[in-house]
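# Working through the structure, step by step
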Amino acid sequence: MQIERPKIELYKVRNFGNKFSATFDFIRENYKLWLRLCTYLLLPLCMIQGFVMEVLMGILMPFYSQMAIGTVGVDTSKMTLIRLLSSYIGYFICVVIGAILLVSICYSMMKYYQKSPDRLRKASFNDLKPLIVQAGKRALVMSIVLFISTLLITISLIMFSVSTGIALLAVLMFFALFVCFIPLAMVMPVYIFEDEQTVYGAILRGMRLGFKSFWPLFGLLFVMGFLANILSTVTTIPWYVLTMIRTAFTLTGEEQGTMVSSPIYSFGLYLFSVLMNFGMYITMSLSTFAVAYHYGSVAEENDGFSVEDDIQNFEQLAEKDTDIANFDKL
């Protein structure tokens, strides 16, 4: 007889090791649904992202080759610069959309898991679709607000540093802005898990919780990011090897008429590019889940969310249970 593992509660005070364990326990328990959702929603995006990436590399590769052999015959025409800028913007948009979809998948799974008595055992894509859409909308709104705010603050700092001419002050202000990116990681789970939060309220609450747990959050992001980079090499190496082989042939001037110039080689490079981008999102899930459990730990420690949930569940149970009220009639 298989013993059922305890439910992985979101709102529970955890130390670093417990957050790490909760992340992998949740993935291990629900990996089939997680991979299926990522395949449904992220793989089509990765096919577009891989194409954009290959277009970008096709523009940059001649530049790198010319730099390597010490020549300066790089095409800097207006059309080339437009293609380069368009490719960069296209790839950036794909990454942003992918990050939003990934957050929507991971956090909708966690929300459904917390509310459902059957966890995610019987959950299907249709069951999670409303939560994915809701999380996606909130993630999109928050991403736009944070991007615009960061852009405006950065422009203001640059203008201030130029007008004052105080380089050290500008460096310190940019360092402070960089430090703020660590607590900002808490904003997204606050806005998605706390349905009553406004955008402004979620930013303030996320920053407050993030600064209260700055070093544990920094350590968790560092470890998960390091681990994700190691795991992502599995899907990166094939693309990297094929790209280096093509680059080597290009530098020696022997690319034409060889295998690396064939359509089959280019198509294989594209497929490995899709695999690399898909692997990037899969490994990014580690940090996404880990930040959510860090948020749940800090929120529970400061606000006692699990107690509120227990009270609400008890009231709902009391409304449904009429045996006590009718005890004298039994």
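Residues numbered from 1 in each chain as written. Predicted model: local features only at pLDDT ≥ 70, side-chain atom pairs only at ≥ 80, totals over all residues. Heavy atoms only, no water.

## Description of the overall build of the protein chain
- On a plain count of helices and strands, the protein chain comes out with 10 helices and 0 strands.
- Going residue by residue from the N terminus, the α and β elements of the protein chain occur as α-α-α-α-α-α-α-α-α-α.
- In the protein chain, which comprises 330 residues, the share counted as buried stands at 39%.
- Considering only contacts within the protein chain whose residues lie at least 6 apart along the sequence, 79% involve residues at least 24 apart. (Helix = DSSP H or I, 4+ residues; strand = E, 2+ residues; numbered from the N terminus. Buried < 20%, exposed > 50% of the residue type's maximum accessible area, 1.4 Å probe, protein only. Contact = heavy atoms within 4.5 Å.)

## Some details on the environment of R119
- Note that R119 resides in the loop between α3 (78–115) and α4 (125–164).
- We classify R119 as buried; its relative accessible area is 8%.
- Distance in space between the C-alpha atoms of R119 and M109 is 9.3 Å, their sequence separation being 10 residues.
- In contact with R119, other than residues within four places in its own chain, are E4, R5, P6, K7, E29, Y112 and Y113.
- Only 2.6 Å separates the side chain of R119 from the backbone oxygen of R5, close enough to count as a polar contact.
- Here the side chain of R119 touches E29 through a polar contact of 3.0 Å, side chain to side chain. (Polar contact = N/O pair within 3.5 Å; in protein donor to acceptor, adjacent residues only side chain to side chain.)

## Some details on the pattern of salt bridges
- Following the criterion strictly, the structure yields 5 salt bridges and no others.
- The partner of E194 in a salt bridge is R205, with the nearest N and O atoms 2.9 Å apart. Of this pair, E194 sits in the loop between α6 (187–193) and α7 (199–212) while R205 sits in helix α7, and the two are 11 residues apart along the sequence.
- In this structure, R205 and D303 form a salt bridge, with 2.7 Å as the shortest nitrogen-oxygen distance. With R205 in helix α7 and D303 in helix α9 (residues 263–303), the pair connects residues that are 98 residues apart, well separated along the chain.
- Connected via shared salt-bridge partners are E194, R205 and D303. (Salt bridge = Lys/Arg side-chain N within 4 Å of Asp/Glu carboxyl O.)

## So, α9
- In this model, α9 (41 residues) spans 59 Å end to end at C-alpha, consistent with the 60 Å of a helix rising 1.5 Å per residue.
- Of the residues trailing α9, G304 is marked for its positive phi of about 60 degrees. (Expected span 1.5 Å × (residues − 1).)

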